Amino acid sequence: MLVVVPQAMTETRIAELEREAQSGARRTALIVLGSGIQQNAPEYRDSKLSGVSLERLRYGIWLSRKMATPVGFSGGVGWAGEPGKSEAETAQRVATEEFLYPLKWVEPASRDTLENAANTTALLHKSGIQHIVVVTSGLHMQRSLRAFARATKGTGMTVEPAPIDTAMRVDKSIYDWIPSPHGYGTVYVLLREWLGWLAGA
């Protein structure tokens, strides 16, 4: 599997989707996919989203405001996660209390990307949604789109990517090739995506 990072959504495309939303030409939903949760965050006296989940949520809300399109969040407790609150439940609290922007849809049961897609598609299909804009990290998007393509097959719904973390540096210095926490983190994400792709999750 070759991981392909899609380009960021352009201002032109955002404007097109905003016009569609305002005209009612097509019912669209923005869906943010979770990426982890810390169940016990003493500083908040509650759970908190991982840094990646929080950044995805932030971008989803930013897009929602730009596009005049409702936003939801999909994420339960992952297979290896610590039991407790779902990511979606925590995301709803963060969206409401910190961004002052409540989510329209909350899908709290999924444990992986395949379930994100299946559960969210079923939820949105009942709401009459015709088009899903998926918000997730660039390295995770390829697997996410495959899962949503399977989930929406036969429904008439269409899917579109809205990735974050798509900037790729080409002016690498010698220090970029030395092992580092960032480098190890990138390798971890790539291995997880590769294994998830092979497992069909």
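What you see is a predicted model, and the numbers here were worked out from it, not measured in a lab.

Caption draft 1: Representation of the pairing of strand β3 (residues 46-49). Bridge analysis of strand β2 (residues 37-41) against β3 gives 3 bridges, and the strand direction is antiparallel. Following the sheet pairing, A41 is matched in β3 by D46. The hairpin formed by β2 and β3 contains 4 residues between the paired strands, and R45 there has a positive phi angle of roughly 55°.

Caption draft 2: Broad picture of helix α4 (residues 113-126). Relative to the 20 Å expected for 14 residues at 1.5 Å per residue, α4 spans 20 Å between its end C-alpha atoms, a close match to the ideal helical length. Turning to α4, its buried residues are T113, E115, N116, A117, T120, T121 and L124. In this structure, the buried side of α4 is in contact with β1 (28-33), β4 (71-74), β5 (105-107), β6 (131-137) and α5 (138-152). Capping the start of α4, D112 holds a side-chain oxygen 3.2 Å from the backbone nitrogen of L114, two or three residues further along. Where α4 ends, the next residue or the one after it, G128, has phi of about 80°, a positive value.

Caption draft 3: View of the pattern of salt bridges. Within this structure, the stated rule accounts for 8 salt bridges. The partner of E43 in a salt bridge is K48, and the shortest N-O contact between them spans 2.8 Å. What you see here is one network of salt bridges that share partners, running through R13, E16 and E160.

Caption draft 4: The arrangement of the side chain of N116 in detail. Tracing the backbone through its elements, the reader meets N116 in helix α4. Separated by 2.9 Å, the side chains of N116 and S74 make a polar contact. Excluding anything up to four places from it in sequence, N116 contacts L33, S74, G75, E107, S110 and F148.

Caption draft 5: Inspection of the sheet that holds β5 at higher detail. Pairing is parallel in the open sheet, where 5 strands are placed in the order β5-β4-β1-β6-β7. Both outer strands of the open sheet, β5 and β7 (158-164), are each paired with one neighbouring strand and no more. Across the sheet, the mean angle from the axis of one strand to that of its neighbour is 20°, orientation sign disregarded. Across the sheet, α4 is in contact with β1, β4, β5 and β6; its angle to β5 comes to roughly 145°. This element, α5, spans β1, β6 and β7 of the sheet and lies at about 150° to β6.

Caption draft 6: Looking closely at the packing of aromatic side chains. If you walk through the whole model with that rule in mind, you get 1 aromatic pair. We note K104 situated over the ring of W105; from NZ or CZ to the ring centre the distance is 5.6 Å.

Caption draft 7: Structural context of the packing of α4 against α5. At a minimum axis distance of 8 Å, the contact between α4 and α5 shows a crossing angle of 40°. It follows from the interaxial angle that α4 and α5 lie oblique. α4 and α5 meet at a crossing whose hand is right-handed. Each of T113, L114, N116, A117, A118, T120 and T121 in α4 lies in contact with α5, whose residues at this interface are H140, R143, S144, A147, F148, R150, A151 and T152. Residues belonging to the contact of α4 with α5 are distributed by class as follows: 6 nonpolar, 7 polar and 2 charged.

Calculation notes
Every chain is numbered on its own, with residues counted from 1 as its sequence reads. Where totals are concerned, whole chains, interfaces and linings use all residues; where local detail is concerned, this predicted model gives features only for residues with pLDDT of at least 70, and gives and counts side-chain atom pairs only at 80 or more. Note that the side-chain values use all heavy atoms of the structure and ignore hydrogens as well as water. Here a strand pair is declared whenever DSSP counts at least two bridges between the two strands. Numbering of helices and strands runs from the N terminus; a helix is a DSSP stretch of H or I covering at least four residues, while a strand is a stretch of E covering at least two. Working rule for helices: expected span equals 1.5 Å times residues minus one. Only protein chains enter the accessibility calculation, which uses a 1.4 Å probe; a residue is then buried when its area is under 20% of its type maximum, exposed when over 50%, and partly exposed in between. Any two residues whose heavy atoms approach within 4.5 Å at even a single point are treated as in contact. N or O atoms within 3.5 Å of each other form a polar contact, as long as, within protein, one can give a hydrogen and the other can take it, and as long as residues adjacent in sequence are counted only when both atoms are side-chain atoms. Note on definitions: salt bridges are taken to be side-chain nitrogens of Lys or Arg within 4 Å of carboxyl oxygens of Asp or Glu. Note on geometry: axes are C-alpha line fits, over the in-contact stretch for helices, and angles between N-to-C directions span 0 to 180 degrees. Aromatic pairs are defined between Phe, Tyr and Trp rings, using the six-membered ring for Trp, whenever the two ring centres lie within 6.5 Å; interplanar angles under 30 degrees are classed as stacked, those over 60 as edge-to-face, and all others as tilted. Cation placement over rings: the criterion is NZ of Lys or CZ of Arg within 6 Å of the ring centroid and within 35° of the ring normal. Oblique is the label for any angle not under 35 degrees, not over 145, and not in the 65 to 115 range, which are roughly parallel, roughly antiparallel and roughly perpendicular in turn. Each crossing gets its handedness from the near helix: less than a right angle anticlockwise from the far helix is left-handed, clockwise is right-handed. By the convention adopted, Pro, Cys, Tyr, Trp, Phe, Met, Ile, Leu, Val and Ala count as nonpolar, Lys, Arg, Asp and Glu as charged, and the other residues, Gly among them, as polar.

Geometric values such as these leave the question of function open.
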